[in-house]
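# Topology and contacts: notes
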Amino acid sequence: MTETAFRSGYVAIIGRPNVGKSTLINRILGQKLCITSRRPQTTRHRILGIKTEDDSQLIYVDTPGLHIDDKRAMNRYMNRAAASSIDDVDVILFVVDGMNWTDEDERVLERLRTSAKAPVILVINKVDKLSDKEVLLPQIEKLAAEFEFANVLPISARKGVNVDQLEQEIKKLIPEGELIFPEDQLTDRSSRFLAAELVREKLFRHLGQELPYSITVEIEQFDEENGMYRIGAVIYVERDGQKSIVIGKKGELLKSVGKDARIEMESLFGCKVFLRLWVKVREGWGDNERMLKNLGYNDEL
Ligand SMILES: Nc1nc2c(ncn2[C@@H]2O[C@H](COP(=O)(O)OP(=O)(O)OP(=O)(O)O)[C@@H](O)[C@H]2O)c(=O)[nH]1
Ligand SMILES: [Mg+2]
């Protein structure tokens, strides 16, 4: 009997904002790691999601959506984080949203044409939204003529349709190799980072359209005490008026954000969590490279 060789490598997930990149990585991992929301530009930092199985270790790289508007320092940071993820990976997943092809998708494609060295799989996501699946075929043909994709797969990350097949196709393109991370490691990010992200996600959920674009979360305290985590997080907004929106009437909104974030932290960390939230104003942080660095927006990795 011949043993199949172990495979390991990196898979970058790229695309414009809001196409479902983070939803896809969570679906593949079978666990909520990356935050998602209905609003574009949810993911701001690169994050690794590691899936180790008997025959392979695949390291997925979730990236911020590549977008055209880069007037603010934060947007430039996000575009850099996404663009540089194309380098040094074994496979690239280019995720698009069903039939909604936009100028931003076109930009991503241009970037792939100029700098992709690894094979690219075109992932047409959100096919559950299409009542008439027939429309997909001409779309696939049209896009396949634009670039030499290693494969084109329609999927639904939310419903889990065709995701197993996608994983099989990815594996075929991954080289033989040893474990890169310990087999029980899920991500490269710290619990502190994940805690801040969960607070940010709940702010997205509870604030909806009222969400100030420039909102960020910094963990000030993260202590382990008698088997539980004591976490203190500061929510930074840019103006005084935004502070009252985040706090809500009689503090109700902030309370709900804290409760939902705490519940998910407890499930992610597997222990009881005591969470406290504050809201502070820090003017112009999203425009200022130095303040961004202080808030953890570093070009690391
Ligand atoms: N109907 C449908 N919705 C989906 C699917 N996948 C993702 N979504 C939704 O699309 C929205 C955006 O999903 P995200 O995973 O946050 O998208 P993203 O590409 O990571 O976005 P950014 O981080 O902003 O670049 C969310 O409301 C998801 O629930 C899908 O297969 N079907
Ligand atoms: Mg995302």
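Residues numbered from 1 in each chain as written. Chains lettered and ligands numbered in written order. Predicted model: local features only at pLDDT ≥ 70, side-chain atom pairs only at ≥ 80, totals over all residues. Heavy atoms only, no water.

## Some points on empty space enclosed by the protein
Enumeration according to the criterion identifies one cavity of 30 Å³ or more in this entry. The computed volume of the largest cavity comes to approximately 30 Å³. Lys51, Glu53, Ser56, Leu58, Tyr60, Glu167 and Lys171 are the residues that line the largest cavity. Of all the elements, strand S3 (residues 56–62) adds the most residues to the lining of the largest cavity, at three residues. When the residues that make up the lining of the largest cavity are grouped by side-chain class, the tally is two nonpolar, one polar and four charged. (1 Å grid on protein atoms, 1.4 Å probe; cavity = no way out; pocket = protein on both sides within 12 Å on 5 of 7 lines; lining within 4 Å. Points joined across faces, edges and corners; volume = space filled by probe spheres on them. Helix = DSSP H or I, 4+ residues; strand = E, 2+ residues; numbered from the N terminus. Nonpolar A, V, L, I, M, F, W, Y, C, P; charged D, E, K, R; others polar.)

## Some words on helix H3 (residues 103–115)
End to end, H3 covers 18 Å across 13 residues, agreeing with the expected 18 Å (1.5 Å per residue, within 8%). Among all positions of H3, only Asp105, Val108, Leu109 and Leu112 are buried. Axial view of H3: buried residues confined to an arc of 100°, hence all on one face. In H3, the exposed positions angled more than 90 degrees off the buried face are occupied by Asp103 and Thr114. Where the residues of H3 are buried, they touch strand S1 (7–14), strand S4 (91–97) and strand S5 (120–125). Put simply, Thr102 is the residue that caps the front of H3, since its side-chain oxygen is 3.2 Å from the backbone nitrogen of Glu104. (Expected span 1.5 Å × (residues − 1). Buried < 20%, exposed > 50% of the residue type's maximum accessible area, 1.4 Å probe, protein only. Arc of directions from axis to C-beta. Contact = heavy atoms within 4.5 Å. Polar contact = N/O pair within 3.5 Å; in protein donor to acceptor, adjacent residues only side chain to side chain.)

## Thoughts on the site of ligand 1
Surveying the vicinity of ligand 1 reveals 22 residues, the closest of which are Thr23, Gln41, Thr42, Thr43 and Asp128. For ligand 1, an oxygen atom lies 2.9 Å from a polar atom in the backbone of Asn18. Between ligand 1 and the protein, one listed contact pairs an oxygen atom with a backbone N or O atom of Gln41 at 2.7 Å. Burial of ligand 1 by the protein chains amounts to 94% of its free accessible area of 670 Å². The pocket occupied by ligand 1, as judged from atoms lying within 2 Å of grid points, is the largest pocket. A total of three residues in the shell around ligand 1 trace back to one element, the largest contributor, which is helix H1 (residues 21–29). Of the residues contributing to the shell around ligand 1, the split by class is four nonpolar, 12 polar and six charged. (Near = heavy atom within 4 Å. Areas by Shrake-Rupley, 256 points an atom, 1.4 Å probe, with all protein chains shown as cover. Sits in = over half its atoms within 2 Å of the grid points.)

## As for the sheet that holds strand S8 (residues 228–237)
Strands sit in the order S7-S8-S9 across an open sheet of three strands; the sheet is mixed. Of all strands in the sheet, those bounded by a partner on one side alone are strand S7 (216–225) and strand S9 (273–281). With strand direction ignored, the average angle separating the axes of adjacent strands in the sheet is 15°. Helix-sheet contacts for helix H6 (residues 191–207) involve S7, S8 and S9, and the interaxial angle to S7 is about 130°. Helix H7 (residues 240–247) contacts S8 and S9 of the sheet and is inclined by roughly 155° relative to S9. (Pairing = 2+ DSSP bridges. Axes fitted to C-alpha atoms, helices over the stretch in contact; angles between N-to-C directions.)

## What to know about the sheet that holds S3
Across the sheet, which stays open at both edges, the six strands sit in the order S2-S3-S1-S4-S5-S6 with mixed pairing between neighbours. Sheet topology places strand S2 (47–52) and strand S6 (151–154) at the edges, where each strand pairs with a single neighbour. Across the sheet, the axes of successive neighbouring strands diverge by a mean angle of 20°, strand direction being ignored. Together, S1, S2, S3, S4, S5 and S6 form the strand contacts of helix H5 (residues 163–172), whose direction differs from that of S3 by roughly 105°.

## Remarks on the domain arrangement of the protein chain
When the parts of a complex come together, some accessible area is lost, and that lost area is often used as the size of the interface. Segmenting the protein chain into domains produces domain 1 (7–172) and domain 2 (191–294). Spacing between the C-alpha centres of domain 1 and domain 2 amounts to 27 Å. Across the interface of domain 1 and domain 2, roughly 1,900 Å² is buried in total on both sides, 49% from carbon and sulfur atoms. Considering only the side of domain 1, the residues that lose the most area to domain 2 are Arg39, Arg44 and Arg72, jointly responsible for 34% of the buried surface there. Scanning the region where domain 1 abuts domain 2 turns up three salt bridges. Where domain 1 packs against domain 2, one counts eight residue pairs in polar contact (both at pLDDT 80 or more). Top contributing element to the side of domain 1 that touches domain 2 by residue count: helix H2 (residues 73–83), with six residues. Classifying every residue of the side of domain 1 that touches domain 2 by side-chain character gives six nonpolar, seven polar and six charged. (Domains from an automatic or database assignment. Buried area = accessible area lost by both parts, 1.4 Å probe. Salt bridge = Lys/Arg side-chain N within 4 Å of Asp/Glu carboxyl O.)

## Overview of the layout of surface pockets
Empty space within the largest pocket amounts to approximately 730 Å³. Lining the largest pocket are 31 residues, and of these Asn18, Thr23, Ser37, Arg38 and Arg158 sit closest to its centre. Within the residue set of the lining of the largest pocket, elements represented by two or more residues are H1 and H6. Ranked by the residues each element gives to the lining of the largest pocket, the list is headed by H1, at four residues. Partitioned by chemical class, the residues of the lining of the largest pocket number seven nonpolar, 16 polar and eight charged. Both of domain 1 (7–172) and domain 2 (191–294) provide at least three residues apiece to the lining of the largest pocket. Estimates place the volume of the second largest pocket at around 280 Å³. Surrounding the second largest pocket, 16 residues form its lining, Phe193, Ala196, Val217, Leu295 and Gly296 being those nearest its centre.

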